[in-house]
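In case you want the letters, here they are:
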Amino acid sequence: MSLVRLVRLKVSAGAAKPGPALGQALGPLGVNMAEFCKQFNERTDATYKKETPLTVVLSAMSDRSFTFDVRTPPTSYLIKQVLGMEKGPQKPNLQNPAGYIAPEAIYEIAKIKQMDEHMQEIPLQSIARSVIGTCRSLGVKVREVEEDTDDSGKNGLQ
């Protein structure tokens, strides 16, 4: 039993079904698509909301067996979920941002991304910087939430 190929797939959590999308990737490797879908759906049903896009790294073996690793959702998906966005802007522009995200949310997304096996050794600060870079590419600015403490509307500035 030797490794034939590693394949990266984007599959929706709890909604994998044999079809053309999976068939083109798994068919040539001789992987049983129905068995993959069954195992994938069982593994992701309890952990993720249905239809959450996940990255799967599948290792196909020469005896038609397989193993797979389910990774966390893409960073851009997590950012859009925090902001309540359907999709990112056509032309991201930081002068006219599509939204604002708090540093606390960046930290939470970084902690989620650190759960991936290949990211466990990377410092959380480095992952957070990567999340900030993804925010920029989506046209989202990172800023503290400003609280109005003064009734004059000047935010405490004289």
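Please read all numbers here as calculations on a predicted model, not as lab measurements.

Peer 1: Could you clarify how one ought to interpret the overall build of the protein chain in this entry?
Peer 2: For the protein chain, the helix and strand inventory stands at 5 helices and 5 strands. Its helices and strands in sequence order give the protein chain the pattern β-α-α-β-β-α-β-α-α-β, from N to C terminus. Against the globule reference of 15 Å for 158 residues, the protein chain gives a C-alpha radius of gyration of 20 Å, more extended than a compact globule. Dimensions of the protein chain, computed from the C-alpha atoms along their principal axes, are close to 75 × 30 × 30 Å. Burial status across the protein chain gives 37% buried among its 158 residues. Restricting to contacts in the protein chain with at least 6 residues of sequence separation, those with at least 24 account for 64%.

Peer 1: Looking at this structure, how should I read the packing of aromatic side chains?
Peer 2: Aromatic rings in a pair are described by how distant their centres are and how their planes are angled relative to each other. Enumeration according to the criterion identifies 5 aromatic pairs in this entry. Ring geometry for F36 against F68: centres 5.2 Å apart, planes inclined by 75 degrees, an arrangement best described as edge-to-face. You can see F36 sitting in helix α2 (residues 33–45) and its partner F68 sitting in strand β3 (residues 66–70), a full 32 residues away along the chain. In this structure F36 comes out as buried when scored by relative accessible area, which is 0%. Here F68 falls in the buried class, since its relative accessible area comes to 9%. Between the aromatic rings of F66 and F68, the centroid separation amounts to 6.3 Å while the plane-to-plane angle is 25 degrees, which identifies the pairing as stacked. The exposure classification of F66 matches that of F68, with both residues buried. One aromatic cluster in this structure is built from F36, F40, F66 and F68. The lysine or arginine in question, R43, covers the ring of F68, its NZ or CZ lying 4.0 Å from the ring centre. The cationic tip of R143 hangs over the ring face of Y100; the distance from NZ or CZ to the ring centre is 3.6 Å.

Peer 1: So what exactly am I meant to see when it comes to the nonpolar core here?
Peer 2: Judged by nonpolar contacts, the single largest core of 19 residues is most densely connected at L9, F36, F40, L58 and F68. Listing elements by their share of this core, those giving two or more residues are β1 (3–12), α1 (20–26), α2, β2 (53–61) and β3. The greatest single-element share of this core, amounting to 4 residues, is contributed by β2. Once residues within four sequence positions are removed from consideration, F68 is found in contact with F36, Q39, F40, R43, V56, V57 and L58.

Peer 1: So what exactly am I meant to see when it comes to the environment of T134 here?
Peer 2: The residue T134 is located in helix α5 (residues 124–137) in this model. Excluding anything up to four places from it in sequence, T134 contacts T75, S76 and I79.

Peer 1: What's the story with the sheet that holds β2 in this structure? I'm lost.
Peer 2: Sheet strands line up and pair through hydrogen bonds in the backbone, either parallel or antiparallel. Taken in spatial order, the 3 strands line up as β1-β2-β3 in an open sheet, and their pairing is antiparallel. Edge positions in the sheet fall to β1 and β3, since each has one partner strand and no second. Across the sheet, the axes of successive neighbouring strands diverge by a mean angle of 20 degrees, strand direction being ignored. Here β2 runs beside β3; their pairing, made up of 5 bridges, is antiparallel. When the bridges of β3 are listed, A60 appears paired with F66. Contacts from α2 reach β1, β2 and β3, with the element oriented near 30 degrees to β3.

Peer 1: Any chance you could explain the side chain of S59 here in plain terms?
Peer 2: Here S59 is to be found in strand β2. Its relative accessible area of 14% is what places S59 among the buried residues. Apart from the residues lying within four places of it in its own chain, the contact partners of S59 are L3, R5, L6, S65, F66 and T67.

Parameters and conventions
- Residues numbered from 1 in each chain as written.
- Predicted model: local features only at pLDDT ≥ 70, side-chain atom pairs only at ≥ 80, totals over all residues.
- Heavy atoms only, no water.
- Helix = DSSP H or I, 4+ residues; strand = E, 2+ residues; numbered from the N terminus.
- Rg over C-alpha atoms; globule rule 2.2 N^0.38 Å.
- Buried < 20%, exposed > 50% of the residue type's maximum accessible area, 1.4 Å probe, protein only.
- Contact = heavy atoms within 4.5 Å.
- Phe/Tyr/Trp six-rings, centres within 6.5 Å; stacked < 30°, edge-to-face > 60°.
- Lys NZ or Arg CZ within 6 Å of the ring centre and 35° of its normal.
- Core = buried A, V, L, I, M, F, W, Y, C linked by side-chain atoms within 4.5 Å.
- Pairing = 2+ DSSP bridges.
- Axes fitted to C-alpha atoms, helices over the stretch in contact; angles between N-to-C directions.

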